[in-house]
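Analysis of the macromolecular model
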Amino acid sequence: MTETILRIRNLRTYFFTRRGTVKAVDGIDFDLLKSKCLCLVGESGCGKTVTALSILGLIDSPPGRIVGGEIYYNNLNLLECPPDQLRRIRGKEIAMVFQDAQSALNPVFTIGNQIVEQVKLHLGATTREAKEKALSLLEEVGIPTPEKVANYYPHQLSGGMRQRAMIAMSLSCDPQILIADEPTTAVDVTVKAQILDIFNQLKNTRQMSLLFITHDLGIVSEIGDRILVMYGGRVAEAATVSGLLNNPKHPYTASLIRCLPDITQVKDRLETIPGTVPSLIDPPGGCLFHPRCDKALAICREETPPPFIVAEGHTVFCHLYSHLER
Ligand SMILES: Nc1ncnc2c1ncn2[C@@H]1O[C@H](COP(=O)(O)OP(=O)(O)O)[C@@H](O)[C@H]1O
Ligand SMILES: [Mg+2]
C-alpha cells in the first residue's frame, strides 16, 4: 500500500475582516500519497492558495486563522506541534513554488547565489558543497548551461528559465512534498509542457509528493494521479484523474469539463459556466453551487450535501445522488 505523507482532515481557515468572516477553506479533507501528484482544481477564489498556505503555516494572522481541523505530516499533527519543530518541518520537508517567479526571486542576487544561500541554510553545507549542489539542482530542472545561468540575475532570464530556477531553489532543502501553486499560469504553451515534464520527473526520480494547484483542468491529465475539485472553500468531488474526467458526477465538475477547449472538434465558442462564484462572506445556504446549477433540487437550497461514494476512491458532495443506496 502506498504511504500517506500528508493527511488533511476538516481543515477550516477563515479570515476575520471588517466586512465579515471569509470562510476561505471550510472543511476540506484529502490525502497526499508518497510519490504521487494530487491536483487541487477550481475557479479563482475557491480557496486553493489558502489551502496551500495553511499547510505551510503562512496564513496572515490577523486577519486569517486556521479555526479547525488537522494537518498530519506523516503521523504528526502540524497544528499541535511545538513552533520550533514546526519550523523545521515546514522549512525542510515541505516546499512551495509560486506562480510568479519574478516576485519570489530576489532581484539583486544572482540565481546561483540565491540557491547557494538556501542550500547552506537548509542543509548546513559549506559554500563549496552548496555551489556544487546548486549547479546540480539547476541541471536537474533542465537548465542546459548551469554554470552560466548561475551567474545571471533573475531579470536576465526568460519566464520559463526563471520558473525553472525557482523550482531548483525550492528543491534546495530536498523536500518530501512540493506544493506548486499555478506554476504554469504565467508561461506559454511550450514552456508549460516542459515545466510539467520537470514535475513528473521529480515525482519519479525523487519519489516526491506533489500538491499541484491549478485552475486549468486541461493539464491535470498530464500530471495528476488524483484530483480534488474545490468550490467555495469546500470539496465538490474527489477522484482519480481518469475517474473524474471520464465519469464526472458533480454538475460543477461536468461544467468545468464542458468548458475545456475540444481539440478534436473545434467548438465555435468556448463555453463558460453561467453565474459567478459565491461570496465566501455570506455564502448561500445548502450546496454552494445551487445558484448556478441547472439540476438543483429544493433540498440543494437547504442542506449541505453529504458525501456520496461513487466508487472506491471517488466521492461526490451532491444531493442528486443522496437517494441512491450504496
Ligand atoms: N488575507 C486575506 N484576507 C481576506 N480574505 C482573503 C485573504 N486571503 C484570501 N482571502 C479570500 O479567501 C478566498 C480564497 O482565496 P484563494 O485561496 O486565494 O483562492 P484561489 O483558489 O484563487 O487560490 C477568497 O475569497 C479570497 O478573497
Ligand atoms: Mg490562488
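Everything numeric here is computed off the predicted structure, so don't read it as measured data. (Residues numbered from 1 in each chain as written. Chains lettered and ligands numbered in written order. Predicted model: local features only at pLDDT ≥ 70, side-chain atom pairs only at ≥ 80, totals over all residues. Heavy atoms only, no water.)

1. Focus: the overall build of the protein chain
A count of helices and strands for the protein chain gives twelve helices and twelve strands. For the protein chain, the C-alpha radius of gyration of 21 Å lies close to 20 Å, the compact-globule estimate for 326 residues. Considering only C-alpha atoms, the protein chain reaches an extent of 65 × 50 × 45 Å along its principal axes. Burial statistics for the protein chain: of 326 residues in total, 47% are counted as buried. (Helix = DSSP H or I, 4+ residues; strand = E, 2+ residues; numbered from the N terminus. Rg over C-alpha atoms; globule rule 2.2 N^0.38 Å. Buried < 20%, exposed > 50% of the residue type's maximum accessible area, 1.4 Å probe, protein only.)

2. Observations regarding the site of ligand 1
Lining the immediate surroundings of ligand 1 are 14 residues, of which G45, G47, K48, T49 and V50 lie closest. One nitrogen or oxygen atom from the main chain of C46 is found 3.2 Å from an oxygen atom belonging to ligand 1. The separation between an oxygen atom of ligand 1 and a polar main-chain atom of V50 is 2.9 Å. Here ligand 1 loses 67% of its free accessible area of 570 Å² to cover by the protein chains. Secondary structure elements with two or more residues in the shell around ligand 1: β1 (4–17), β2 (20–33) and α1 (48–56). With three residues, α1 is the single largest residue contributor to the shell around ligand 1. Of the residues belonging to the shell around ligand 1, the class tally is seven nonpolar, five polar and two charged. (Near = heavy atom within 4 Å. Polar contact = N/O pair within 3.5 Å; in protein donor to acceptor, adjacent residues only side chain to side chain. Areas by Shrake-Rupley, 256 points an atom, 1.4 Å probe, with all protein chains shown as cover. Nonpolar A, V, L, I, M, F, W, Y, C, P; charged D, E, K, R; others polar.)

3. Thoughts on the packing of aromatic side chains
Applying the stated criterion to the full structure yields six aromatic pairs. Measuring from ring centre to ring centre gives 4.6 Å for Y231 and Y252, while their planes differ by 65°; the resulting arrangement is edge-to-face. Residue Y231 is found in strand β9 (residues 226–231), and its partner Y252 is found in helix α11 (residues 251–258); the two are separated by 21 residues along the sequence. One exposure class covers both Y231 and Y252, and it is buried. Where Y231 meets F289, the ring centres are 5.1 Å apart and the plane angle is 80°; that geometry is what we call edge-to-face. (Phe/Tyr/Trp six-rings, centres within 6.5 Å; stacked < 30°, edge-to-face > 60°.)

4. Details of the sheet that holds strand β12 (residues 314–317)
Pairing within the open sheet is mixed, and its eight strands lie in the order β6-β7-β8-β3-β9-β10-β12-β11. Both edges of this open sheet fall to β6 (94–97) and β11 (307–311), since each of them pairs with a single strand only. Within this sheet the neighbouring strands show an average axis-to-axis angle of 20°, counted without direction. Pairing of β11 with β12, which is carried by four bridges, proceeds in the antiparallel orientation. Each residue of the ladder has a partner; that of A311, found in β12, is H314. In the packing of α1 onto the sheet, the strands contacted are β3 (37–41), β6, β7 (177–181), β8 (209–214) and β9, and the crossing angle to β6 comes to about 145°. (Pairing = 2+ DSSP bridges. Axes fitted to C-alpha atoms, helices over the stretch in contact; angles between N-to-C directions. Contact = heavy atoms within 4.5 Å.)

5. Some words on the pattern of salt bridges
The full count for this structure, using the stated rule, is nine salt bridges. Between R206 and E140 there is a salt bridge whose closest N-O contact spans 2.7 Å. With a gap of 66 residues between them, R206 in the loop between α8 (189–205) and β8 and E140 in helix α5 (residues 127–140) connect regions that are remote in the sequence. Put simply, K192 and D216 hold a salt bridge, and the shortest N to O gap is 3.2 Å. One end of the pair, K192, is in helix α8; the other, D216, is in the loop between β8 and α9 (220–223), with 24 residues separating them in the sequence. We classify K192 as partly exposed; its relative accessible area is 22%. One salt-bridge network, held together by shared partners, links K133, E140, D174 and R206. (Salt bridge = Lys/Arg side-chain N within 4 Å of Asp/Glu carboxyl O.)

6. Quick notes on the environment of C46
Here C46 lies in the loop between β3 and α1. A residue is classified by how much of its surface remains accessible, and C46, at 5% relative accessible area, is buried. When the C-alpha positions of C46 and L121 are compared, they lie 34 Å apart, and in sequence the two are 75 residues distant. In this view, C46 contacts A24, M230, Y231, G232 and G233; residues no more than four positions away in its chain are not counted.

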